[in-house]
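A structural walkthrough
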There are 2 protein chains.
Amino acid sequence: MRCEVVAIGTELLLGQIVDTNSSWIGQHLAEAGIDSFHQVKVGDNHDRLVETLRQALERADAVICCGGLGPTHDDITREAIAEVMGVPLELDDEAAMRIEAMFSSRGRSMPMNNLRQAEVPRGAARIPEQPGTAPGLICPVGDKVLYAVPGVPHEMHEMMRGTILADLRRRAGKETAVIRSRTLRTWGQSESGLAEQLGGRIAELDRSRHATIAFLASGWEGLKVRITAKAASEEEAVAILDDEVAVVEGLLGDIVFSTNDEPMEVVVLDLLRRAGATMGVAESFTGGLVASRLTEHAGASDVFRGGVVCYTSDVKHDVLGVPEGPVVSEETVLAMAEGACRVLGVDVAVATTGVAGPDRLEGVPVGTVWLATCVGGEARAFTVRMPGDRERVRQFSVITVLDALRRRLLER
Amino acid sequence: MRCEVVAIGTELLLGQIVDTNSSWIGQHLAEAGIDSFHQVKVGDNHDRLVETLRQALERADAVICCGGLGPTHDDITREAIAEVMGVPLELDDEAAMRIEAMFSSRGRSMPMNNLRQAEVPRGAARIPEQPGTAPGLICPVGDKVLYAVPGVPHEMHEMMRGTILADLRRRAGKETAVIRSRTLRTWGQSESGLAEQLGGRIAELDRSRHATIAFLASGWEGLKVRITAKAASEEEAVAILDDEVAVVEGLLGDIVFSTNDEPMEVVVLDLLRRAGATMGVAESFTGGLVASRLTEHAGASDVFRGGVVCYTSDVKHDVLGVPEGPVVSEETVLAMAEGACRVLGVDVAVATTGVAGPDRLEGVPVGTVWLATCVGGEARAFTVRMPGDRERVRQFSVITVLDALRRRLLER
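What you see is a predicted model; the values in this text were computed from it and never measured.

1. Some thoughts on the domain arrangement of chain A
All names here are of chain A. Structurally, chain A comprises domain 1 (3-175), domain 2 (178-258) and domain 3 (264-411). The gap between the C-alpha centroids of domain 2 and domain 3 is 31 Å. In this assembly, 10 residues from domain 2 lie in contact with 12 residues from domain 3. Between domain 2 and domain 3, roughly 1,100 Å² of surface is buried when both sides are summed, and carbon and sulfur atoms account for 59% of that area. Of all residues in domain 2, the largest losses of buried area upon contact with domain 3 belong to Trp 187, Trp 220 and Phe 257, amounting jointly to 75% of the total for that side. If you look at where domain 2 meets domain 3, you find two salt bridges. Of the charged contacts, one joins Arg 407 and Asp 254 as a salt bridge, the two residues approaching to 2.9 Å between their closest N and O atoms. Put simply, domain 2 and domain 3 have four residue pairs in polar contact (both at pLDDT 80 or more) between them.

See below:
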């Protein structure tokens, strides 16, 4: 069973709106075990839309087209589908009544424009769910099917969940498989390095076809390893994933910081919570990024008490008691971490100092950072040369210092 | 001149990643006056990719394909393009050297995998910009052209801006019109409120067709008003925009904080720089978000000295000298702002305390925030009830407190 997605709207091509609908549909098709090999964006142009729909129907058993069901002149999906089906549009009285009711329920009278939304290609069925004024359509084309849903996300979601996914599964019969994924997150190894460590396993999976492994470099979210299994049942897919996650984690070792797609700061907060420890930060060039990342998460307050952003030397000295000396150095970052524990009254702290760029600082090249962790009164520092621009140097430093803390907490 | 976009990656079809690259490319093609009528997503499958590229080349004069240039087994764009061109892949020594240099500059040795990235279809040219390990490619196919760029956004952006857009314009010759936009940013008025204030002007423009006005609600980037002009020449477009920006700013008044698409914190940093004032922050529930936002920008250190993240009452009391009492209150936020000025030795400070959620705090409902500014020793506080979830409450509080500081600085 193959299903293509056609997202309709010139504003999508112009990049005025990002097409998140296709992604949402693609994800839900995958979870239903339905293949989707092409997804197309096309503008509000009748001929190109007709051509695109015909082509999609040639390649696939089903097509979901999203958008262009509104009341205005540039909403042309209904006409295009009618042409593809080779039938006329007919006014659907019940649809018209529904739309009218929707307006009157808001104490407004229906603009005549909206009657266009009640026009349905002959032979098409309306999708029962209709949260807005636009009816969704199920349009048979020979032995294939074309679904039309509105571009308004929540209206589309309701129709997909309520009718379309089930209809697709029914049409697919027993051939549908269940597809499930698990994502491991790693830090400390390059994408190609991971590929080498997992090369043998990937080759085995290419033969056995039990599962697939994909890498997703995701900046300071970590380097993700996504394992996807296709199976006859939920249970089978989950069992395959459990085994495969264990294999991959075994091959990669402690660079895996989450087997459940959790961000680094959540992993660290959980480790500290279990240890009953409190945490603080001292940040120079990351300028509050570590603290803001930790406090994104509700419940951080169980563990995280606060931080000092010491962007200038004076603040390092006055607030944290950092001795005079070069700012980007081991001495400074160690004193910052110890100062944070003392001033904030916490058991554990991390500290960052470095050169985010664009210019050198005190002759130190851009990307040079010193990071420290202080656990149970013992501070340890290390230096890294970060690649990339200011934003990436800052972000990579955040996950790197939190990863260092994670490793120290696991040691104990 | 027609240019199609092909986004490559099974993770895009599965909805594991939203394809923002095509939108970005579409927007920049539009601004360059180049038509883009189809944008396609296709997975990491050799045959389907080859077929998709051939089809795109039939319909368009140029194709930009994005993604699949990485070092791993599922990066197949190079092979597919070579097949479309009917040529073999050849190792490009300079590309190989570049990649090797990139690794050694980080003190790492290059995994052999990465050599795959240096394989180039015979007859293809490398794009000079190469911020990462993946070289971008310009591949002639008959009298048409196929560009290959990495899926990593910042690498793709650099190649588009540096080479591809100019190359496309050159190929298009004089047939392209110039489309230019200017974006104003506002804070403190709803989208529909803006639409009312600008309704008359928008109606005039619908008649005169000089320019178009679009609203883009952009979270804590502010509510953007984008003015777009299409003209025969750069000069003409810029002249239209200058006039229109003046008109719109006149209609909207001081809710406009930038006429040049600058973020709020950049505007505030510039005002402080001109006033020769230093700044600090005291943050409770925003947890470092104000500081990290300010320090995103190189040169913030002229003005920004540091901050205290006082996530718990103890830190508020011990570090900032905030008296005991309810945490989300006028007294507390005023004491935090004054404390920040004193402890950090700065002329100006902002402070935030509030309930980000998901749960009430001390009986105070989620979304209740107290914000303060302290300028020249005089602290002022105000309270707001923020809509939305934890993330939005935190982000809206950041831009709201910075906007309050902006208004105070403009008063003087």
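2. Concerning the sheet that holds strand S6 (residues 125-126) of chain A
Read from one edge of the open sheet, 12 strands run S6(A)-S7(A)-S8(A)-S3(A)-S1(A)-S2(A)-S2(B)-S1(B)-S3(B)-S8(B)-S7(B)-S6(B), paired in mixed fashion. Since the sheet does not close on itself, it has two edges, and those belong to S6 of chain A together with strand S6 (125-126) of chain B, each with one partner. The strands touched by helix H2 (residues 20-31) of chain A are strand S1 (3-8), strand S2 (38-42) and strand S3 (62-66) of chain A together with strand S2 (38-42) of chain B; relative to S1 of chain A, the strand with the most contacts, the crossing angle is about 165°. In the packing of helix H2 (residues 20-31) of chain B onto the sheet, contacts are made with S2 of chain A together with strand S1 (3-8), S2 and strand S3 (62-66) of chain B, and the angle to S1 of chain B comes to roughly 165°.

3. Looking at the environment of Cys 139 of chain B
Residue and element names in this part refer to chain B. As for its position among the elements, Cys 139 is in strand S7 (residues 137-141). A residue is classified by how much of its surface remains accessible, and Cys 139, at 0% relative accessible area, is buried. Distance from Cys 139 to Ala 300, taken between C-alpha atoms, is 43 Å for residues 161 residues apart in sequence. With sequence-adjacent residues up to four places away left out, Cys 139 is seen in contact with Ile 81, Met 85, Ala 124, Lys 144, Val 145 and Leu 146.

4. Concerning the packing of aromatic side chains
Residue and element names in this part refer to chain A. One pass over the full model with this rule turns up four aromatic pairs over all chains. Arranged with centres 5.6 Å apart and planes meeting at 75°, the rings of Trp 187 and Phe 396 form a pair that is edge-to-face. Placement of the pair is Trp 187 in the loop between strand S9 (178-186) and helix H7 (191-208) and Phe 396 in helix H13 (residues 390-411), with a sequence separation of 209 residues. With relative accessibility at 15%, the residue Trp 187 sits in the buried group. Take Phe 396: its relative accessible area is 13%, and that puts it in the buried class. Directly above the aromatic system of Trp 220 lies the positively charged group of Arg 293, at a separation of 4.4 Å from the ring centroid.

5. Let's talk about the side chain of Gln 130 of chain B
Residues and elements named next belong to chain B. By secondary structure assignment, the location of Gln 130 is in the loop between S6 and S7. For Gln 130, a relative accessible area of 8% gives the class buried. Looking at Gln 130, its side chain comes within polar contact range of the main-chain oxygen of Gly 132, at 3.2 Å. In this structure, Gln 130 is in contact with Arg 98, Ile 99, Met 102, Pro 135 and Met 159, ignoring residues within four places of it in sequence.

6. Quick notes on the packing of helix H11 (residues 313-320) of chain A against helix H12 (residues 330-344) of chain A
Two quantities define a packed helix pair, namely the angle between the axes and the distance from one axis to the other. Residues and elements named next belong to chain A. Across the interface, H11 lies against H12 with an axial gap of 10 Å and an inter-helix angle of 40°. Taken together, H11 and H12 sit at an angle that is classed as oblique. Two packed elements cross with a definite hand, and for H11 against H12 that hand is left-handed. Of the residues in H12, those in contact with Lys 316, Val 319 and Leu 320 of H11 are Thr 332, Ala 335, Met 336, Gly 339, Ala 340, Arg 342 and Val 343. Here the residues of the contact of H11 with H12 sort into six nonpolar, two polar and two charged.

7. What about the sheet that holds strand S10 (residues 211-217) of chain B?
Residues and elements named next belong to chain B. In space, the four strands of this open sheet follow the order S10-S11-S9-S12, with antiparallel pairing throughout. Edge strands, defined here as strands with exactly one partner in the open sheet, are S10 and strand S12 (256-258). Strand after strand, the sheet turns through a mean of 35° between neighbouring axes, direction not considered. One ladder, built from nine bridges, connects strand S9 (residues 178-186) with strand S11 (residues 223-231); its direction is antiparallel.

The rules behind each value
Residues numbered from 1 in each chain as written. Chains lettered and ligands numbered in written order. Predicted model: local features only at pLDDT ≥ 70, side-chain atom pairs only at ≥ 80, totals over all residues. Heavy atoms only, no water. Domains from an automatic or database assignment. Contact = heavy atoms within 4.5 Å. Buried area = accessible area lost by both parts, 1.4 Å probe. Salt bridge = Lys/Arg side-chain N within 4 Å of Asp/Glu carboxyl O. Polar contact = N/O pair within 3.5 Å; in protein donor to acceptor, adjacent residues only side chain to side chain. Pairing = 2+ DSSP bridges. Helix = DSSP H or I, 4+ residues; strand = E, 2+ residues; numbered from the N terminus. Axes fitted to C-alpha atoms, helices over the stretch in contact; angles between N-to-C directions. Buried < 20%, exposed > 50% of the residue type's maximum accessible area, 1.4 Å probe, protein only. Phe/Tyr/Trp six-rings, centres within 6.5 Å; stacked < 30°, edge-to-face > 60°. Lys NZ or Arg CZ within 6 Å of the ring centre and 35° of its normal. Parallel < 35°, antiparallel > 145°, perpendicular 65-115°, else oblique. Left-handed = near helix turned anticlockwise from the far one by under 90°. Nonpolar A, V, L, I, M, F, W, Y, C, P; charged D, E, K, R; others polar.

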